[in-house]
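# Observations on chain architecture
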Amino acid sequence: MKSTILLEHHLKNLKLSTIRNEYKDVAKRCAKDNSDYETYLLRLIEREVDVRQQRAMERRIKDARFPSIKTIDSFDFKAQPKINEALVKELLNGEFISARENVLFIGNSGTGKTHMAIALGFAACTAGRKVRFYSVTNLVTQLLEKRQEQQLERLQKQLGKIDLLILDELGYVPFSKAGAELLFEVISRAYERNSLVITTNLPFNQWVEVMGNERLTGAMLDRLTHRVHIIEANGISYRLQEAKKRSKRRTSKKTIVIGHKPT
Ligand code: ADP
Ligand code: MG
């Protein structure tokens, strides 16, 4: 009796909570299959390691601040036949992150760019990478705010520790001059140090319109595209396709017309 109290006390101090919770059950199982002491110890430690890895992964996914969880399993490539499925699937292995390469999803709205970007981020989290998702507008707002509060350097340092930075929806809102410069700095710092995944509805020749400065845009594109995988998504909006399917089912009974093609 005394020995278990002492054991649990030590395990608590050593923060081996899974071993503490499970050592009795594992002992019973090991006794049943006549396992030796080493096997018992191994099984216990494996449990501790597994639980810790699981928790760390959950923490990484939480810290990534995905707006919603999307994985590639729920992505219907048949709905977007123009997307390079083989490339997306290859990128899921995360080698582009080791190689500090970037990924750009370019295409019109509703074609699954954000979905795929999150799926890449999620896969990276499960592989032990630090990931952070931002809407570009949000990031720029934060950068401007932090600069005003003299906290810019701190945020930049935090961003520098991220293995994969996802910048969603470049091009929907143009930036102020200061905003564009701060975004440029993030991209410059990431160059050859961290990987970026960017989603945008803008072809390259229109980036200057949101950045507002030709030289800055040129320099930014230069860094971004030095080592980049480009995935074009120029199909019909997925939601629109779904809406059309629904309306087709309904119009077979009644006449309802919905679902215009977006411009
Ligand atoms: P985009 O970022 O290109 O505007 P989203 O990724 O936000 O598009 O997609 C809009 C919605 O449609 C999301 O809920 C997304 O999960 C879903 N979606 C888009 N494309 C697909 C697809 N091919 N298969 C499954 N769901 C999709
Ligand atoms: Mg999007």
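All values derive from a computational prediction rather than experimental measurement. (Residues numbered from 1 in each chain as written. Chains lettered and ligands numbered in written order. Predicted model: local features only at pLDDT ≥ 70, side-chain atom pairs only at ≥ 80, totals over all residues. Heavy atoms only, no water.)

## Some thoughts on empty space enclosed by the protein
Operational definition: The way it works is a 1 Å grid over only the protein atoms, where trapped points that fit a 1.4 Å probe form a cavity and open points with protein on both sides within 12 Å along at least five of seven lines form a pocket, and then any residue with an atom within 4 Å of a point lines it. Grid points are joined across faces, edges and corners, and a volume is the space filled by probe spheres set on the points.
Taken as a whole and judged by the stated rule, the model has one cavity of 30 Å³ or more. Each pocket or cavity is described by its volume, and for the largest cavity that value is around 50 Å³. Every residue lining the largest cavity is listed: Arg100, Glu101, Asn102, Ala190, Tyr191, Glu192, Asn194, Arg223, His226 and Arg227.

## What to know about the site of ligand 1
Stated formally: To be near a molecule or strand, a residue needs just one of its heavy atoms within 4 Å of it. Pairs of N or O atoms are called polar contacts if they sit within 3.5 Å, as long as, within protein, a hydrogen donor faces a hydrogen acceptor (for residues adjacent in sequence, only side-chain-to-side-chain pairs). All accessibility values rest on the Shrake-Rupley procedure with a 1.4 Å probe; residue burial counts only the protein chains present in the view. By definition, a pocket or cavity contains a molecule when more than half of the molecule's atoms lie within 2 Å of the pocket's grid points. For the purposes of this entry, the term helix denotes a DSSP run of H or I that reaches at least four residues, the term strand denotes a run of E that reaches at least two, and both are numbered from the N terminus. Side-chain classes are defined by residue name, with Ala, Val, Leu, Ile, Met, Phe, Trp, Tyr, Cys and Pro counting as nonpolar, Asp, Glu, Lys and Arg as charged, and the others, Gly among them, as polar.
Close to ligand 1 lie 15 residues, the nearest being Asp76, Gly110, Lys113, Thr114 and His115. Separating an oxygen atom of ligand 1 from a backbone N or O atom of Thr111 is a distance of 3.1 Å. One of the side-chain nitrogen or oxygen atoms of His115 is found 2.7 Å away from an oxygen atom of ligand 1. When ligand 1 is considered free in solution it has 560 Å² of accessible area, and contact with the protein chains removes 86% of it. Its atoms largely coinciding with the cavity grid, ligand 1 occupies the largest pocket. Listing elements by their share of the shell around ligand 1, those giving two or more residues are α6 (113–126) and α12 (238–251). Broken down by element, the residue count for the shell around ligand 1 peaks at three residues, all from α6. Of the residues in the shell around ligand 1, the class split is two nonpolar, nine polar and four charged.

## Examining the layout of surface pockets
The test is simple: Boundary definitions for the domains trace back to an automatic or database domain assignment.
Approximately 480 Å³ is the volume attributed to the largest pocket. Lining the largest pocket are 21 residues; nearest its centre among them are Gly110, Gly112, Thr114, His115 and Arg239. The element best represented in the lining of the largest pocket is α6, accounting for four residues. In terms of residue class, the lining of the largest pocket is built from four nonpolar, 11 polar and six charged. Here the second largest pocket is characterised by a volume of approximately 390 Å³. Residue lining of the second largest pocket: 15 residues in total, with Asp63, Val131, Arg132, Gln158 and Ile162 positioned closest to the centre. Every element with two or more residues in the lining of the second largest pocket is listed here: α3 (37–64), β2 (131–135), α7 (136–148) and α8 (152–160). Taken domain by domain, the makeup of the lining of the second largest pocket includes at least three residues from each of domain 1 (2–63) and domain 2 (72–241).

## What about α6?
Heads up, the rule is: Take the number of residues in a helix, subtract one, and multiply by 1.5 Å to get its expected span. For the exposure calls, accessible area comes from a 1.4 Å probe over protein chains only, and a residue counts as buried if that area is under 20% of its type's maximum, exposed if over 50%, partly exposed in between.
An ideal rise of 1.5 Å per residue puts 20 Å on 14 residues; α6 measures up with 20 Å between its terminal C-alpha atoms. Most of α6 is tucked away: 11 of the 14 residues are buried. Here α6 has its buried residues at Lys113, His115, Met116, Ala117, Ile118, Ala119, Leu120, Gly121, Ala123, Ala124 and Cys125.

## Quick look at the domain arrangement of the protein chain
As a reminder of what qualifies: Throughout, buried area stands for the accessible area (probe radius 1.4 Å) lost by two parts on being put together, summed over both.
For the protein chain, the assigned domains are domain 1 (2–63) and domain 2 (72–241). Placing a centre on the C-alpha atoms of domain 1 and another on those of domain 2 gives a separation of 40 Å. Taken over both partners, the interface formed by domain 1 and domain 2 buries close to 460 Å², and the fraction arising from carbon and sulfur atoms is 66%. Across the contact surface, domain 1 and domain 2 share one residue pair in polar contact (both at pLDDT 80 or more). Of the residues in the side of domain 1 that touches domain 2, the class split is two nonpolar, no polar and two charged.

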